[in-house]
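Residue-level structure breakdown
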Amino acid sequence: MWGPEYQHETNYLRQYMAQLRRKLEDDPARPRHLITEPGMGYRYRP
């Protein structure tokens, strides 16, 4: 998504997803829409 120069900066994506969850989810600790898929990444569930 951001290119190979960010390959080892996985914390950027985690921080970005945490910010999105705080803005979009009713309870960011128990997300219903921005779901973590272990071994795959993230999934949006409307």
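The coordinates are above.
Here the structure is a predicted model, which means the values were calculated and not measured.

Of regular secondary structure, the protein possesses one helix and two strands. Considered along the principal axes of its C-alpha atoms, the protein spans approximately 35 × 20 × 15 Å. Counting the 46 residues in the protein, one finds 11% classified as buried. For the protein, the exposed surface amounts to about 4300 Å²; the carbon and sulfur share of it is 51%. Mean positive and mean negative side-chain charge positions of the protein (8 and 6 charges, respectively) differ by 5 Å.

Looking at where Arg21 falls in the secondary structure, it is placed in helix H1 (residues 10-24). Buried charge without a salt bridge: Arg21, with Glu25 as the nearest opposite-charge side chain at an N-O distance of 5.2 Å. Engagement of the side chain of Arg21 in a polar contact is seen with the backbone oxygen of Leu34, the distance being 2.6 Å.

The next thing to look at is the pattern of salt bridges. Counting across every chain of the model gives one salt bridge. As a salt-bridge pair, Arg43 and Glu37 come within 3.0 Å of each other at their nearest N and O atoms.

In this section: the pairing of strand S1 (residues 34-37). Side-chain direction in a regular strand flips from residue to residue, so the side chains alternate between the two faces of the sheet. With four bridges connecting them, S1 and strand S2 (residues 41-44) associate as antiparallel partners. Residue Glu37 lies in a different strand from S2, and its bridge partner there is Gly41. Joining the antiparallel neighbours S1 and S2 is a turn of three residues, in which Gly39 adopts a positive phi near 80°.

This part takes up a nonpolar patch on the surface. Together, Trp2, Tyr6, Tyr12, Leu13, Tyr16 and Tyr42 give the surface a local cluster of nonpolar side chains, amounting to about 560 Å² of exposed area. With three residues, the single largest contributor to the nonpolar patch is H1. Counting through the fold element by element, Trp2 comes out in the segment before H1.

Reading the values: the criteria
- Starting from 1, residues in each chain are numbered consecutively following that chain's sequence as written.
- Where totals are concerned, whole chains, interfaces and linings use all residues; where local detail is concerned, this predicted model gives features only for residues with pLDDT of at least 70, and gives and counts side-chain atom pairs only at 80 or more.
- The side-chain numbers reported here are obtained from all heavy atoms of the structure, hydrogens and water having been left aside.
- Segments assigned H or I by DSSP are reported as helices when at least four residues long, segments assigned E as strands when at least two residues long, and all are numbered from the N terminus.
- For the exposure calls, accessible area comes from a 1.4 Å probe over protein chains only, and a residue counts as buried if that area is under 20% of its type's maximum, exposed if over 50%, partly exposed in between.
- All accessible-area figures derive from a Shrake-Rupley calculation using a 1.4 Å probe, and residue coverage is judged against the displayed protein chains alone.
- The sign given to each residue is positive for Lys and Arg and negative for Asp and Glu; His and the chain ends receive no count.
- In plain terms, the charge of a residue is placed at NZ if it is Lys, CZ if Arg, CG if Asp and CD if Glu.
- A pair is scored as a salt bridge if a Lys or Arg side-chain nitrogen falls within 4 Å of a carboxyl oxygen belonging to Asp or Glu.
- Any pair of nitrogen or oxygen atoms within 3.5 Å is treated as a polar contact; in protein, a donor-acceptor pairing is required on top of that, and neighbouring residues in sequence qualify only through side-chain atoms on both sides.
- Whether two strands pair comes down to DSSP finding at least two bridges between them.
- To count toward a patch, a residue needs a relative accessible area above 30% and no salt bridge. Like charges then connect within 9 Å, nonpolar side chains (Val, Leu, Ile, Met, Phe, Trp, Tyr) within 5 Å.

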